[in-house]
Amino acid sequence: MTLRDIREIIKVARPGFWPTQLWFFLLPMAGKDLFDSFAFWIGCVYVCLPLGLLLYGWNDLGDSVADQHNARKDSWLFGGRPNSDLRKKLPWVILAVQIPFVISFVNIAGPKMLFWFLAVLISNATYNNLGWKRWPVLDLLNQIGYLLIFVLARWLCNLETLGIPVMVFSGLFAMQSHLFGQIMDIDDDTLAGRRSTAIVLGVRGAKGLLAFMMGIETLIAALYFRGDVVAKFMAAGTLLFVADAWGGPNRYSVSLMKAFFLGWNIIVVSTMHFVWKYGWFLLAE
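Sequence order as written defines the numbering, with residues in each chain counted from 1. With pLDDT at 70 or above as the cut-off, local features in this predicted model cover only qualifying residues; side-chain atom pairs require 80 or more to be listed or tallied, and sums for whole chains, interfaces and linings still use all residues. In computing side-chain values, all of the structure's heavy atoms are included and hydrogens and water are not.

## Some words on the overall build of the chain
Here's step 1: Looking only at helices and strands, the chain features 14 helices and zero strands.
Here's step 2: Reading the secondary structure of the chain in the N-to-C direction produces α-α-α-α-α-α-α-α-α-α-α-α-α-α.
Here's step 3: All radius of gyration figures rest on C-alpha atoms, and the globule criterion is 2.2 Å times the number of residues raised to 0.38. A compact globule built from 285 residues should have a C-alpha radius of gyration of about 19 Å, and the chain, at 19 Å, falls within 12% of that.
Here's step 4: The buried label goes to any residue with under 20% of its type's maximum accessible area, the exposed label to any with over 50%, and the partly exposed label to all in between, with areas taken from a 1.4 Å probe on protein chains only. Taking all 285 residues of the chain together, 52% fall into the buried category.
Here's step 5: Contact between two residues is taken to exist if any of their heavy atoms lie within 4.5 Å; hydrogens are not considered. Summarising the internal contacts of the chain: among those between residues at least 6 apart in sequence, 76% fall at separations of at least 24. Note on conventions: DSSP H or I runs of at least 4 residues are helices, E runs of at least 2 residues are strands, and numbering of each starts at the N terminus.

What follows is the structure, given as structure tokens:
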């Protein structure tokens, strides 16, 4: 395997998404000192490149035609554009990367971790192989699979169960993020023959649904979470997307998309410490 292959494999794992995945992993650990725990650190490593490679590498294997014309692709933010030779190697690379973590996780938390990996595989198979990514509503509901990162954190580090409001909020957040990605890819998905939720609703309708989901998240945060930081942030985001649905552009430019995701990653990285220290997502007592 060449250095170019390694570079492209890292791109396939979408480094631009790693901060959000790590943020999800840290969210259940509010206030807990786990920095001397091997389980904590190996979990942090896994939810970046290895998990990204499993999730997005699998997706790229089935999206090679559509991705060839996607201006967002072949970037460190939004993923790679593997050539035919690399696509042949990719399933074996994904498998090889997972094996050490399967062994380590089972050694740390027991055989139940095999069920965790099975759940991840089922979530990916329904999306990529059973065609959920080509069907409206199902393409969004499938994103609830991201909540498995919470389960990973709990089982590896012996954490308490998160409350239902946190799970509902996070599930909506994952679906809203995916919907935003569909809006960005609406032309490429149309050419690929998909019927994503964004395509069915149209750009304005999809932006309206996104704003509605963020409004529900704002309400959940205001009613249930400790403090008001999350509620205020989500309220500002809701107003932003309401304005965007009303009078924003019908298509986002690539430069605008890159600027948005860079800004989002800065927010994620800069808030990790505060989410952990102050427990912004803990339920109010």
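After presenting the structure, the write-up continues.
## As for the confidence of the model for the chain
Here's step 1: Confidence in the prediction for the chain averages 90 pLDDT; 96% of positions are at 70 or higher.
Here's step 2: pLDDT expresses, on a scale from 0 to 100, how confident the predictor is about each individual residue. Of all helices and strands in the chain, the one with the weakest mean pLDDT is helix α5 (residues 64-67) (58), whereas helix α3 (residues 38-46) scores best (97).

## Quick look at the nonpolar core
Here's step 1: In these notes, a set of buried Ala, Val, Leu, Ile, Met, Phe, Trp, Tyr and Cys residues joined through side-chain atoms within 4.5 Å is what counts as a nonpolar core. Among the nonpolar cores identified, the biggest contains 81 residues, and Phe25, Met29, Tyr46, Phe105, Trp116, Leu152 and Phe281 are the most heavily contacted of them.
Here's step 2: For Leu152, the residues in contact, after removing those within four places along its chain, are Phe25, Tyr46, Val47, Phe105, Met113 and Trp116.

## Points about unusual backbone geometry
Here's step 1: Positive phi, close to 55°, is recorded for Arg14, a residue that is not glycine.
Here's step 2: Along the chain, Arg14 turns up in the loop between α1 (3-12) and α2 (18-26).
Here's step 3: Residue Val137 is not a glycine yet carries a positive backbone phi of 75°.
Here's step 4: By the element assignment, Val137 lies in the loop between α7 (112-128) and α8 (138-141).

## Let's talk about the packing of α1 against helix α6 (residues 84-109)
Here's step 1: Helix axes are fitted only over the stretch in contact, all axes being lines through C-alpha atoms; the angle between N-to-C directions runs from 0 to 180 degrees. Contact geometry of α1 with α6 gives a least axis separation of 12 Å together with a crossing angle of 70°. Considered as vectors, α1 and α6 are oriented roughly perpendicular to each other. Considering only the axes of α1 and α6, their crossing is right-handed. Here α1 contributes Asp5, Glu8, Ile9 and Val12 to the contact with α6, which in turn contributes Leu86, Lys89, Leu90 and Val93.
Here's step 2: Split into classes, the residues belonging to the contact of α1 with α6 amount to five nonpolar, no polar and three charged. Each angle receives one of four descriptions, namely roughly parallel if under 35 degrees, roughly antiparallel if over 145, roughly perpendicular if within 65 to 115, and oblique otherwise. By definition, any crossing whose near helix is turned counterclockwise from its far helix by less than a right angle is left-handed, and any crossing with a clockwise turn is right-handed. Residues are grouped as follows: Ala, Val, Leu, Ile, Met, Phe, Trp, Tyr, Cys and Pro are nonpolar; Asp, Glu, Lys and Arg are charged; all remaining types, including Gly, are polar.

## Section: the environment of Ile94
Here's step 1: As for its placement among the helices and strands, Ile94 is situated in helix α6.
Here's step 2: Take Ile94: its relative accessible area is 7%, and that puts it in the buried class.
Here's step 3: Taking the C-alpha atoms as reference points, Ile94 and Leu51, 43 residues apart in sequence, are found 9.1 Å from one another.
Here's step 4: Other than its neighbours up to four places away in sequence, Ile94 contacts Leu53, Leu54, Gly57 and Trp58.

## Quick word on a nonpolar patch on the surface
Here's step 1: Exposure above 30% relative accessible area and the lack of any salt bridge qualify a residue for a patch; like charges then connect within 9 Å, and the nonpolar side chains Val, Leu, Ile, Met, Phe, Trp and Tyr within 5 Å. For accessible areas, the Shrake-Rupley method is used with a probe of radius 1.4 Å. Any residue's cover is judged against the shown protein chains and nothing else. Salt bridges are identified by distance alone: a Lys or Arg side-chain nitrogen within 4 Å of an Asp or Glu carboxyl oxygen. On the surface, Trp92, Leu95, Ile99 and Ile103 cluster together into a nonpolar patch covering about 460 Å² of accessible area.
Here's step 2: Inspection of the secondary structure puts Leu95 in helix α6.

## Considerations on the side chain of Asp244
Here's step 1: As for its placement among the helices and strands, Asp244 is situated in helix α13 (residues 229-247).
Here's step 2: If we ignore the near neighbours within four places in the chain, the residues touching Asp244 are Arg204, Lys207, Pro249 and Tyr252.

## Focus: the packing of aromatic side chains
Here's step 1: Only Phe, Tyr and Trp rings are paired, with Trp represented by its six-membered ring, and only when their centres lie within 6.5 Å; those with planes under 30 degrees apart are stacked, over 60 edge-to-face, the remainder tilted. For the structure shown, the criterion picks out 31 aromatic pairs.
Here's step 2: Here Trp23 and Phe281 contribute two aromatic rings whose centre-to-centre distance is 5.3 Å and whose plane-to-plane angle is 90°, an arrangement assigned as edge-to-face. One end of the pair, Trp23, is in helix α2; the other, Phe281, is in the segment after α14 (254-278), and 258 residues separate them in sequence. An identical accessibility class is assigned to Trp23 and Phe281; each is buried.
Here's step 3: Summarising the aromatic geometry, the rings of Phe180 and Phe261 are spaced 6.3 Å apart at their centres and angled 25° between planes, so their arrangement reads as stacked. Of this pair, Phe180 sits in helix α10 (residues 164-184) while Phe261 sits in helix α14, and the two are 81 residues apart along the sequence.
Here's step 4: Residue classification places Phe180 among the buried positions, given a relative accessible area of 8%.
Here's step 5: Members of the aromatic cluster, each reached through a chain of ring pairs, are Trp23, Phe24, Phe150, Phe169, Phe173, Phe225, Phe233, Trp264 and Phe281.
Here's step 6: Lysine NZ or arginine CZ positioned within 6 Å of the ring centre and within 35 degrees of the ring normal marks a charge as sitting over the ring. Taking the ring centre of Phe17 as reference, the NZ or CZ of Arg14 above it sits at 5.6 Å.

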